[in-house]
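# What the coordinates show
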Amino acid sequence: MSAISAPVRAQLTLAIAMALVSPTAIAQAQTTTTADSAATATADADKAAAEKTTKVGTVKVQGASDTDERRNESVSKIIYKRDDLLKQGDTSIFDVLKRLPGVSQGGRGGGPRMRGLGGGYTQILVDGQAQGSGFNLSQIAPEMIERIEVIPSATAENSTRAVAGTINVVLRKNLSRSQRKLSAFGGTGGGRDMGGANITFSNSTPTFGYNVMLGTMAMDSETQSSSEERRFDDNGNLIAQRLNASDVDSSNRGLMSMTRLNWTFPSGDSMAFQMMANVGKSESVADVSYLSPVGAQAAIPYSVTETESKSRGARPSLEYTHPFGDAGTFSTRVGLEYDKSKSTSPLTGYDVNHNLLIDRYWVSENTSRGIKNNGKIENTIAKKHKVSTGWEFGTDNTEQVRNQWDTPVGQATSYFTDKVSVKINRAAVFAQDEFPVSKDVSAYLGLRWEGSKTYVNGLQFGSFTNSTSVLSPIANLLWRLPGKERDQIRVGLARTYNQPGSSQLIPRATPSIDGQNSVNSPLSTGNPQLRPELSMGLDVAYEHYFGKTGFMGLSAYYRDIDDAITNIIQFDNSMNLWVSRPENAGTAKAWGATAEAKFPLRALLPTGPDMDIRSNLSWNRSRVSYWSAPYNALASQTPLTGNFGFDWRPSSKMTLGSDLSYNQGRTSRTSDNSIARTWSIWNLDAFVTYKFTPKLLLRASANNLLPKDEHNYAYSDLPVGYSERDSWSNNYRSYRLMFEYKF
């Protein structure tokens, strides 16, 4: 290897990094194993260059590397800071998350996924804390975020409800300088308009600081979807067909704010008050049709629903920190949560000849209240053991009320009411120790116990309780390879779990609007007897750092899951309906690998353009013992995701960039006799930023430049014959223009 010159080695490394994430490599799921050797090949050149630099002059001045924080963490953590998050002018946190390595979106309206797994497998935290049932990530504007941490393995300090991993959204707390900034944006997508503005004020003195952000957003949209369901007899003859079409026009308006006040006292103690608040209103009109060219007509072939929803929420918290000894701190936090939403939805139903069938009116209200307390004591023992112990306690109370009035033509009005109350008490204690084992090896040991008890009461089903208790041992090892200070290996072992959500527990079933029911459109209900899924996991990673911010890595994971929760679709003879119900059905296994590269091009090609390259490719697989092969996968896991992006600075005032992402389609089993298929999705975003002055900046961005309607397919074997269902939903490009002004 020494016979190869440094420029040749640099070009070889670049070629391998680009090959990892070229569109062909993503589409064909081809990965390379030569990145490790090429990364090692550049280590000597990088080290020599660094040594040469430090010998100039008698005083050594060295700034912290952009990758130092990730490199020195005892537990693997991918950190994306504020500048990376805001450069594309995103107005939604979901647009930010979809570009992070190993993170994907679960289709339209789906939440973020790690390792291709969504739902409760991927944990979402805000400032290290789980949020109540009334919280939604859309309540956080990108302007509120300081950084996002993607944590593939578990830590004792955070909840271990993280089988796939944790995404921690850290809100702004930096009050080190005075700043006033105004940003405003406008855009269009699918023929509809969007717009909004944010204003930020911050300042600090040695004893007091504040940061205030106010934001507003308005967006209009149109969503079109359709489906066709077909049923055949044993001879393949079509015996039933239903066509569904939906056109929804919606308008959304929202206000959000975040205020943080910091105090520092002469004793060194500090206190902080933080308040997040939001108010929202949405209106929509939905035109829906259910027509049956073959077979019996739907109960309501045509309907028009006008919905108005209002919501509000507040999250105040108070933090206190007390330093003691040479390196010890005590910190505690108390937080309150409040969310309330109310929706009114008048529906008018018609027959196939557009004659009035029914007037329906329903009102639903959801109220969520919670209180949380957590604390931590940190201290350094024997100058090398960084020991932390802490606790978390909290309670959440949610109440859901629905009232419905039906007035069929020529009949009296009927009334239906339903009320469900859910109370969840949680507690956790933990201890962890970070310490060096030797010059090249450091370790992390942690132990966390957490438990919860859920109390549920409903008018339709009575009362029940559900309890969980999980003890999670955690061990992580970081080994810096001898003689290769820029190369290191991580190994992590941890027990994690997935706790059933309240919606999975509540045995309540609400029929669809038109009363249709089939194996492909079953009625959903919960299961009060669900147990948590328990997982033992192994994470292994190789990391190579080069230049100031260059990084290349390869990681792999394995999860062994007991009491895997699976939705089982069966025909319920007592209800005479197809019903989907979650069950603890055997075991599951999940495994996969991720390749990632991120570097400035000039770290490899010193004469190249001023460009940053980022790329990642994740391959995921899983098996559930309950299902038979083929198409056996856990929670409709996304089998392959990839992302390639760049930022190019042709001048000191201009930056251009783009991101291309890929989510591979999948075919997965939904029951012993049913499968579901989704098609692959490509997404291309682009942006340009121009800085007129140090205080005035303009961003132009385009999202989803490769729009393709989402397509899903379902197939089921029936006692007599079989059924198929195809569904489609529209997709469209969007464009935004944003300016930022600091004053």
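What counts and how
Within each chain, residues carry numbers counting from 1 in the order of the written sequence. In keeping with the model being predicted, local features are shown solely for residues with a pLDDT of at least 70 and side-chain atom pairs are shown and tallied solely at 80 or more, while totals for entire chains, interfaces and linings include all residues. Only hydrogens and water are set aside when side-chain values are computed; all heavy atoms of the structure are taken into account. To qualify as a helix, a DSSP run of H or I must reach at least 4 residues; to qualify as a strand, a run of E must reach at least 2; elements of each kind are numbered from the N terminus. Pairs of residues are marked as contacts when any of their non-hydrogen atoms sit within 4.5 Å. Computed with a 1.4 Å probe, the accessible areas rest on the Shrake-Rupley method; for each residue, only the protein chains presented here act as cover. Pairing between strands is defined by DSSP: at least two bridges between the two strands are required. In this analysis an axis means a line fitted to C-alpha atoms, helices contributing only their contacting stretch, and an angle means the value between N-to-C directions, from 0 to 180 degrees. When a carboxyl oxygen of Asp or Glu lies within 4 Å of a side-chain nitrogen of Lys or Arg, that pair is called a salt bridge. Between buried and exposed lies partly exposed: a residue is buried under 20% and exposed over 50% of the maximum accessible area for its type, with that area taken using a 1.4 Å probe on protein chains only. Nine residue types can take part in a nonpolar core, namely buried Ala, Val, Leu, Ile, Met, Phe, Trp, Tyr and Cys, and a core is a set of them joined through side-chain atoms within 4.5 Å. Two rings belonging to Phe, Tyr or Trp (six-membered ring only in the last case) form a pair when the distance between their centres is within 6.5 Å. Interplanar angles under 30 degrees mark stacking, angles over 60 mark edge-to-face geometry, and anything in between is tilted. The rule for a charge over a ring is simple: NZ of Lys or CZ of Arg within 6 Å of the ring centre, and within 35 degrees of the ring normal. Each polar contact in these results corresponds to two N or O atoms within 3.5 Å; when the atoms are within protein, one needs to be able to donate a hydrogen and the other to accept it, and residues that are neighboring in sequence are counted only if both atoms are side-chain atoms. Nonpolar side chains (Val, Leu, Ile, Met, Phe, Trp, Tyr) are joined into patches within 5 Å and like charges within 9 Å, using only residues with over 30% relative accessible area and no salt bridge. The pLDDT value tells you how sure the predictor is about a given residue, anywhere from 0 up to 100.

Each helix and strand counted, the protein has seven helices and 35 strands in total. Taking all contacts inside the protein whose residues are at least 6 apart in sequence as the whole, residues at least 24 apart take part in 67%. Element-wise, carbon and sulfur atoms account for 56% of the exposed surface of the protein, whose accessible area totals about 34,000 Å².

This part takes up the pairing of strand β16 (residues 414–436). Judged from the 21 bridges that link them, strand β15 (residues 385–408) and β16 form a sheet pairing that is antiparallel. Bridge pairing in β16 links E399 to S421. Turn length for the β15-β16 hairpin, with the two strands adjacent in sequence and antiparallel, is five residues, and the turn residue G410 shows positive phi of about 75°. Of the strand pairs in this sheet, β16 and strand β17 (residues 441–458) are connected by 17 bridges, and their pairing is antiparallel. Across the sheet, F435 pairs through a bridge with A443, a residue of β17. Where β16 folds back on β17, the antiparallel hairpin that results is connected by four residues.

Moving on, we come to the sheet that holds strand β6 (residues 165–171). Strand order in the open sheet formed by four strands is β1-β5-β6-β4, and the pairing between neighbours is mixed. Of all the strands in the sheet, the pair left with one neighbour each is β1 (78–81) and β4 (122–126). With direction set aside, neighbouring strand axes in the sheet form an average angle of 15°. As judged from the five bridges shared by β4 and β6, these two strands associate in the parallel manner. When the bridges of β6 are listed, Q123 appears paired with T166.

This paragraph deals with the sheet that holds strand β24 (residues 577–584). Sheets are built from strands that pair by backbone hydrogen bonding, the pairs being arranged parallel or antiparallel. Within the open sheet, the three strands sit side by side as β20-β24-β23. Their pairing is mixed. Edge positions in the open sheet fall to β20 (523–524) and β23 (565–572), since each of these has one partner strand only. Relative to β24, β23 runs antiparallel, the two being bridged by eight bridges. Bridge pairing in β24 links I565 to N584.

Applying the stated rule across the entire model yields 50 salt bridges. For R230, the salt bridge identified is with E724, shortest N-O distance 3.2 Å. With R230 in strand β9 (residues 208–232) and E724 in strand β34 (residues 722–729), this pair connects stretches of sequence that are 494 residues apart. What makes R230 buried here is its relative accessible area of 13%. With a shortest N-O distance of 3.1 Å, D647 and R614 are connected by a salt bridge. Taken together, the positions of D647 in strand β27 (residues 640–648) and R614 in strand β26 (residues 611–624) put the pair 33 residues apart, joining distant regions of the chain. Side by side, D647 and R614 carry an identical accessibility label, which is buried.

A few words on unusual backbone geometry. For D127, which is not glycine, the phi torsion reads 55° and is therefore positive. Tracing the chain through its elements places D127 in the loop between β4 and β5 (145–151). Relative accessible area serves as the criterion here: at 25%, D127 is assigned to the partly exposed category. Even without being a glycine, D563 presents a positive backbone phi close to 55°. Looking at the secondary structure, you find D563 in the loop between β22 (550–562) and β23.

Looking now at the nonpolar core. Core analysis: the biggest nonpolar cluster contains 37 residues, and L97, I140, M144, I148 and L171 have the highest contact counts within it. Once residues within four sequence positions are removed from consideration, M144 is found in contact with Q139, L171, R172, M213, M256, S257, M258 and M276.

Taken as a whole, this structure holds 16 aromatic pairs when the rule is applied. Taken together, a centroid distance of 5.4 Å and an interplanar angle of 45° make the contact between W405 and Y415 tilted. Taken together, the residues W405 in strand β15 and Y415 in strand β16 connect sequence positions ten residues apart. Note on W405: relative accessible area 31%, which makes it partly exposed. For the pair F571 and W578, a centre-to-centre distance of 5.4 Å together with 75° between the ring planes defines the contact as edge-to-face. Among the aromatic residues, ring-to-ring pairing joins F201, Y741 and F743 into one connected group. Taking the ring centre of F551 as reference, the NZ or CZ of R70 above it sits at 3.8 Å. The ring of Y557 has R115 lying over it, and the distance from NZ or CZ to the ring centre is 4.4 Å.

Before going further, it helps to spend a moment on the environment of L706. Its place among the elements puts L706 in the loop between β32 (696–703) and β33 (710–717). Judged by relative accessible area, L706 falls into the partly exposed class, the value being 40%.

Mapped onto the fold, T122 is located in strand β4. Here M114 takes part through its backbone nitrogen, which lies 3.0 Å from a polar atom of the side chain of T122. Reaching out from T122, the side chain makes a polar contact with the backbone oxygen of L117 at a distance of 2.6 Å. Excluding residues that lie within four positions of it along the chain, T122 makes contacts with P112, R113, M114, L117, A164, G165 and I167.

Here we come to the pairing of β5. Burial runs high along β5: five of the seven residues are buried. Across four bridges, β1 lies against β5 in antiparallel orientation. Considered in β5, the bridge of I78 is made with V150. In this sheet, β6 lies alongside β5 in antiparallel orientation, the contact comprising six bridges. The residue bridging R147 from the neighbouring strand is V170, located in β6.

Attention shifts here to a nonpolar patch on the surface. On the surface, V437, L477, V491, L493, L538, V540 and Y558 cluster together to form a nonpolar patch covering roughly 540 Å² of accessible area. For the nonpolar patch, the secondary-structure elements that each account for two or more residues are β19 (487–498) and β21 (533–546). Topologically, L538 is positioned in strand β21.

Take the environment of D249 next. Relative to the helices and strands, D249 resides in strand β10 (residues 238–264). Each C-alpha atom of the pair D249 and D287 lies 8.8 Å from the other, and the pair is 38 residues apart in sequence. Not counting residues up to four positions away in its chain, the partners in contact with D249 are R192, S221, E222, E283, S284 and V285. At a separation of 2.8 Å, a polar atom in the side chain of D249 contacts the side chain of R192.

Attention shifts here to the confidence of the model for the protein. Per-residue pLDDT for the protein averages 87, and the proportion of residues at 70 or more is 89%. Ignoring residues within four places in sequence, the model shows residues 1–63, a span with pLDDT below 50, making 77 contacts including any to other chains.

Tracing the sequence through the fold places D612 in strand β26. When the C-alpha atoms of D612 and F599 are compared, they prove to be 5.8 Å apart, with 13 residues separating the residues in sequence. The contact partners of D612, leaving out residues within four places of it in the chain, are F599, P600, G645, F646, D647 and R649.

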